[in-house]
Amino acid sequence: MSESTFDDLQVATYLDATHHVGEYLLGTLDDLCRRHDVGYFVTSGTLLGAARSGGWIPWDDDVDAIMFRDDYERLVSVVGGSDRGGLPDDVIFSSQETRRDHITVIPRLLHTGSERLHVGRTRSREPIETRHVPLDIFVLDRGPRSHRLRQAWSRGARALDLCAVARYTTVRDVLAEAQVSRARKLVEVLVVLAALVLPRRGWIGLRTWWVRLPARCRMRGPFVATNYSTPRGRRMSFEEDWYRPGSEIEFCGRAYPAPQSPVAVLTELYGPDYLTPPDAAMRQPEHIRGGLRVRLGDRSWEIGQHDRDDTSTVEGPDGVVDVGGTEAPADPDDTPPPATDHLSGATFRRQVLWSLTARLTAAVLQIVILVLLARGLPPAQFAFVIGANTVMQIVVAVNGFGLLRQIQFRRSRDPHDASLAPLFRLRLNFSWGSAAAWVVLCVIAWAVTGHEYVVALLPAAIWLVAEQTTQVWNGVSVADGRSQDLLPSYVARRLPVVLVVGAALVLDASGEELLWSWTSGLALGAVLAYLIGFRGQESWARALMPGRPQLAERFPFEMGYWWGLVGVQLRDLDVAAAGAVSAQVAGIYAFPARLVAPMNLVTLATAGTAFPQVARHGITRRQLSRGLVVGLAPVTIFGVLTALCAPLLPVIIGDDYQDAVGVLRIACITAVATGAGSLIGMIAQALSTEIARIVGYFSLGFAVLQVAGAAIAASLGDATTVAATVAVTNTLGALWLWRYTARQVADR
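Here goes a summary of the coordinates provided. Along each chain, residue indices are assigned from 1 in the same order as the chain's sequence is written. For this predicted model, a pLDDT threshold of at least 70 governs which residues receive local features, and a threshold of 80 or more governs which side-chain atom pairs are given and counted, while totals over whole chains, interfaces and linings are taken from all residues. Hydrogens are left out, water is left out, and the side-chain values use all remaining heavy atoms of the structure.

### Remarks on the overall build of the protein chain
Counting from the N terminus, the helices are DSSP H or I runs at least four residues long and the strands are E runs at least two residues long. Along the backbone of the protein chain there are 25 helices and 13 strands. Across the 748 residues in the protein chain, those meeting the buried criterion constitute 54%. Should any heavy atoms of two residues lie within 4.5 Å, those residues are counted as being in contact. When contacts within the protein chain are restricted to residue pairs at least 6 apart in sequence, long-range pairs at least 24 apart make up 76% of them. The method behind every accessible area is Shrake-Rupley, applied with a 1.4 Å probe, and residues are considered shielded solely by the protein chains displayed. Approximately 32,700 Å² of the protein chain is accessible, and the part contributed by carbon and sulfur atoms is 60%. For each residue, the accessible area found with a 1.4 Å probe, counting protein chains only, is set against the maximum for its type, and the residue is called buried under 20%, exposed over 50%, and partly exposed in between.

Structure (structure tokens):
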């Protein structure tokens, strides 16, 4: 419906509705900002109306606010909290940074009790800001002092805006637009295709970096509202002293924050004659292009023909709510994508990319650590270190009866689950208990055997406490869509080990000295990762000391997750099992076997990122197949390259490992099979706790088979036989998991 179809009565009704909603939104913003000490100012038509008459410009139909970048970022952090900063239930904050269905660069408060029919460019997904009556928020960023540089900078921001919008738009959307010329369609199609270089979030992040650049470079030019919606607005510049320290102005009987110099701001916006109203032909509401339906308190308004029926939906504070009052499932990511696209959206790809980067970095550092230890220790002693490291990893993974995965599962389903805090404290009980038990066992083993190697393992107790906590934090980060937090955590954990062990080798350390340097590096890295991750955690996750497990009965252990973790970690005891039979065989087998885990870190990144997505939305068989191909591609590539480079193994770590070349090639096959099993198993565990229990039992059974097979093969043959036995066992396990999971997905 075009605006020409509205008569005077409908226009009056429309303005009455938008004025009431606008005052409500402005009052809500004022209360929010005063409560949380966030600075803002009324601006544009709202400031002009207040200056002219102390209220609305009669034909204006929205309210406008503006704030400096630091205040805006504080506002985003406030409304992003668990209580949304105290916003009413019928008001939401919407912006490109916080919602996938917000297209424009202008952040807004939206009144969800309003339903607006927008007439304009059509897209396959309707932007949320076109559906509700808004309050616009403009953001002031420091610009360059040079006018030409400032113009180029603001135009660069505009270009990045268009790229973000283009990523929201499809070629089909452009071609389906009837009111756009062919020439413009061609240009827009090219822009849409060019914008595919980055995901939408990538363009938004690049734009944010761009608009902050002058301030970071300490430029002292005027401020520019780069998210102003008109080309003219993008070239406007404002001095800081026009706004700060600020004043107040009356608007509809209430005082609101205003610039220190409203005259200077309004002159820049509208020229020196800003108090003179425009010609009568220009006195029209700007956003009346579609119909409007509003419910505010006891009052309601409606104009225009609504194509949607009475069961149409408007966005509520916690999800999609039916107009008639029936609630529909809310998506934790605010806007559910199409059912077949949960695992292929830009957000998911970005999270996988961050997780891949973190785990790939960790894999490289882990391989460096293995090489350093192998160069400094004879094969038999290296096998002992690998066995000790496996035991430590098992303690971290299985300690707490699957609480790590259970916390991640509950966090994925509900970020505010009441069980998260007590489950975390329960996890701390196990963490401190395992560290104490580790010290006691090391002392007992030393007293019984007199072996100095055992004493060198004592610093690992510090690693056990910190590692178990940071692993929970990393799991929560993945569930929250913050996989970028993994990279500093992994680097902080492993880089100190590389540096300390490398320094020990330079100083010709060996035996117990090298072991001390290894365990000391582990402890140092774990503490460093803990300190780096501490500030970004919620209060319940910052607890250091364990508490009483008061809710253990109300929130029982999900044993399926625990059995699964036991199985995944227990299979790494194949080196220890082979070593119990033949130390020489274990020494040759140990290094290639431990390369399987670093090669699979990249595959596990895909599985770990997919876990919360599958827990929320489920998965189709097509997505499962596609995820398996994508997840196995890196480890397959690494495996092929490693197999080709296998003859270099004795050159890298010493002639003692000449017989390990063939073992390494077989281990590359094991890496692919292990990766497939881990990826499918983790996805299956996200489907339901019952499936997780079955998969857990299966993983445990095959782990026992792998360890037993390694021991038997070591007694019957050499390291190559052990490697072949392990490879066959893992391949059979992956095939069974695929058949079972694919059947479960098809049944669902």
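### Details of the side chain of Thr-169
The residue Thr-169 is located in the loop between helix 4 (147-168) and helix 5 (171-176) in this model. A distance of 3.0 Å separates a polar atom in the side chain of Thr-169 from the backbone oxygen of Val-165. We call two N or O atoms a polar contact when they sit within 3.5 Å, provided that within protein one can donate a hydrogen and the other can accept it, with sequence-adjacent residues counted only if both atoms are side-chain atoms.

### Points about the nonpolar core
Of all hydrophobic cores here, the largest spans 79 residues; its most connected members are Leu-373, Phe-382, Trp-438, Trp-518, Tyr-589, Phe-591 and Val-722. Residue contributions to this core peak at 9 residues, all from helix 15 (residues 460-479). Apart from the residues within four sequence positions on either side, Trp-438 is in contact with Ala-388, Val-391, Met-392, Leu-457, Leu-458, Ala-460, Ala-461 and Leu-464. Residues enter a nonpolar core if they are buried and are Ala, Val, Leu, Ile, Met, Phe, Trp, Tyr or Cys, with the set joined through side-chain atoms within 4.5 Å. Ranked by size, the runner-up nonpolar core spans 62 residues in total, among them Phe-68, Val-79, Ile-288 and Val-294.

### A short note on the pattern of salt bridges
A pair is scored as a salt bridge if a Lys or Arg side-chain nitrogen falls within 4 Å of a carboxyl oxygen belonging to Asp or Glu. Counted by the stated rule, this structure contains 22 salt bridges. A salt bridge links Arg-254 to Asp-31; the shortest N-O distance between them is 2.8 Å. Remark: Asp-31 occurs in helix 1 (residues 8-36) and Arg-254 occurs in strand 9 (residues 254-258); sequence separation between them is 223 residues. Given the relative accessible area of 37%, Asp-31 is considered partly exposed. Taken together, the shared-partner salt bridges connect Asp-70, Asp-71, Arg-74, Arg-142, Glu-240 and Arg-244 into one network.

### Brief notes about the packing of helix 13 (residues 420-449) against helix 15
Each packed pair of helices is defined by two parameters, the angle between the axes and the distance between the axes. Helix 15 packs onto helix 13 with a crossing angle of 160° between their chain directions and a minimal axis gap of 8 Å. One finds that helix 13 runs roughly antiparallel with respect to helix 15. As for how helix 13 packs across helix 15, the hand of that crossing is right-handed. Only Ala-460, Ala-461, Leu-464, Val-465, Gln-468, Thr-469, Val-472 and Trp-473 of helix 15 make contact with helix 13, whose side of the interface consists of Phe-424, Arg-427, Leu-428, Ser-431, Trp-432, Ser-434, Ala-435, Trp-438 and Val-439. Residue classes in the contact of helix 13 with helix 15 are distributed as 12 nonpolar, 4 polar and 1 charged. Angles shown run from 0 to 180 degrees and are taken between the N-to-C directions of axes, each axis being a line fitted to C-alpha atoms and, for helices, limited to the stretch in contact. By the definition adopted for this analysis, an angle is roughly parallel if under 35 degrees, roughly antiparallel if over 145, roughly perpendicular if from 65 to 115, and oblique otherwise. In this scheme the handedness of a crossing depends on how the near helix is turned from the far one: anticlockwise by less than a right angle means left-handed, clockwise means right-handed. For this classification, Asp, Glu, Lys and Arg are treated as charged, while Ala, Val, Leu, Ile, Met, Phe, Trp, Tyr, Cys and Pro are nonpolar and the rest, including Gly, are polar.

### Some remarks on the packing of aromatic side chains
Each pair of aromatic rings taken from Phe, Tyr and Trp, with Trp reduced to its six-membered ring, is defined by centres within 6.5 Å and is described as stacked if the planes are under 30 degrees apart, edge-to-face if over 60, and tilted in the remaining cases. Applying the stated criterion across every chain yields a total of 18 aromatic pairs. Ring centres of Phe-41 and Tyr-243 lie 5.2 Å apart, and the angle between their planes is 50°; on these two criteria the pair is classed as tilted. With a gap of 202 residues between them, Phe-41 in strand 1 (residues 41-42) and Tyr-243 in the loop between helix 8 (231-234) and strand 8 (247-251) connect regions that are remote in the sequence. Like Tyr-243, Phe-41 is buried. Between Trp-209 and Trp-210 the ring centres are 6.4 Å apart and the planes differ by 45°, which places this aromatic pair in the tilted class.

### What to know about the pairing of strand 10 (residues 292-296)
Side-chain positions along a regular strand alternate between the two faces of the sheet. For strand 10, a buried count of 4 out of 5 residues is recorded, marking the element as mostly surrounded by other parts of the structure. Paired strands, as defined in this entry, are two strands with at least two bridges between them according to DSSP. The sheet contact formed by strand 5 (residues 114-116) and strand 10 spans 3 bridges and is antiparallel. Within strand 10, the position partnered with Ser-114 by the bridge is Val-294. Taken together, the 5 bridges between strand 10 and strand 11 (residues 299-303) define a ladder with antiparallel strand orientation. Bridge assignment links Arg-295 to a residue of strand 11, and that residue is Ser-300. In textbook terms, the turn of a hairpin is the stretch between consecutive antiparallel strands, and for strand 10 and strand 11 this stretch comprises 2 residues, one of which, Gly-297, has a positive phi near 65°.

### Focus: the sheet that holds strand 11
Backbone hydrogen bonds are what pair the strands of a sheet, in a parallel or an antiparallel way. Strand order in the open sheet formed by 3 strands is 5-10-11, and the pairing between neighbours is antiparallel. Edge positions in the open sheet fall to strand 5 and strand 11, since each of these has one partner strand only. Pairs of neighbouring strands in the sheet enclose a mean axial angle of 5°, with direction left out of account.

### Brief notes about empty space enclosed by the protein
Using a 1 Å grid laid over the protein atoms alone, points where a 1.4 Å probe fits but cannot get out form a cavity; open sets with protein on both sides within 12 Å along at least 5 of 7 lines form a pocket; any residue with an atom within 4 Å of a point counts as lining. Grid points are joined across faces, edges and corners, and a volume is the space filled by probe spheres set on the points. The tally for this structure, following the rule as stated, stands at 3 cavities of 30 Å³ or more. If you add up the space inside the second largest cavity, you get close to 120 Å³. Along its surface, the second largest cavity is lined by 13 residues, and Arg-69, Glu-97, Val-105, Arg-207 and Asn-227 are the ones closest to its centre. At the level of secondary structure, the elements contributing two or more residues to the lining of the second largest cavity comprise helix 3 (69-79), strand 6 (133-142) and helix 7 (200-216). For the lining of the second largest cavity, the element with the highest residue contribution is helix 7, accounting for 3 residues. Across the lining of the second largest cavity, the residue classes break down as 5 nonpolar, 4 polar and 4 charged.

### Side note on a nonpolar patch on the surface
Patch membership needs two things, relative accessible area over 30% and no salt bridge, and members are linked within 9 Å if like-charged or within 5 Å if nonpolar (Val, Leu, Ile, Met, Phe, Trp, Tyr). Where nonpolar side chains cluster on the molecular surface, the patch consists of Leu-186, Leu-190, Leu-193 and Leu-196 and spans about 400 Å² of accessible area. Within the fold, Leu-193 resides in helix 6 (residues 182-194). The class of Leu-193 is partly exposed, set by a relative accessible area of 44%.

### With respect to helix 19 (residues 574-581)
Taken as a whole, helix 19 has its buried residues at Asp-574, Val-575, Ala-577 and Ala-578. The buried residues of helix 19 occupy an angular sector of 165° when the element is viewed end-on, so they sit on one face. The directions considered for the arc are those from the helix axis to the C-beta atoms.

### Let's talk about helix 23 (residues 660-685)
One less than the residue count of a helix, multiplied by 1.5 Å, gives the span that helix is expected to have. Taking 1.5 Å as the rise per residue, helix 23 with 26 residues should run 38 Å; its terminal C-alpha atoms sit 35 Å apart, in good agreement. Counting buried residues in helix 23 gives 22 out of 26 residues, a clear majority hidden from the surface.

### Considerations on the pairing of strand 6
With respect to burial, strand 6 is a largely interior element, 10 of its 10 residues being buried. Burial along strand 6 is two-sided: the face carrying Val-133, Leu-135, Ile-137, Val-139 and Asp-141 and the face carrying Pro-134, Asp-136, Phe-138, Leu-140 and Arg-142 are both buried. In this sheet, strand 6 lies alongside strand 2 (residues 63-68) in parallel orientation, the contact comprising 6 bridges. The residue of strand 6 that forms the bridge with Met-67 is Val-139. Here strand 4 (residues 108-111) pairs with strand 6 via 4 bridges, running antiparallel. When the bridges of strand 6 are listed, Leu-109 appears paired with Leu-135. Alignment of strand 6 against strand 7 (residues 223-224), held across 2 bridges, turns out to be antiparallel. Looking at strand 7, one finds that Arg-142 is bridged to Phe-223.

Nothing here speaks to function; it is geometry throughout.
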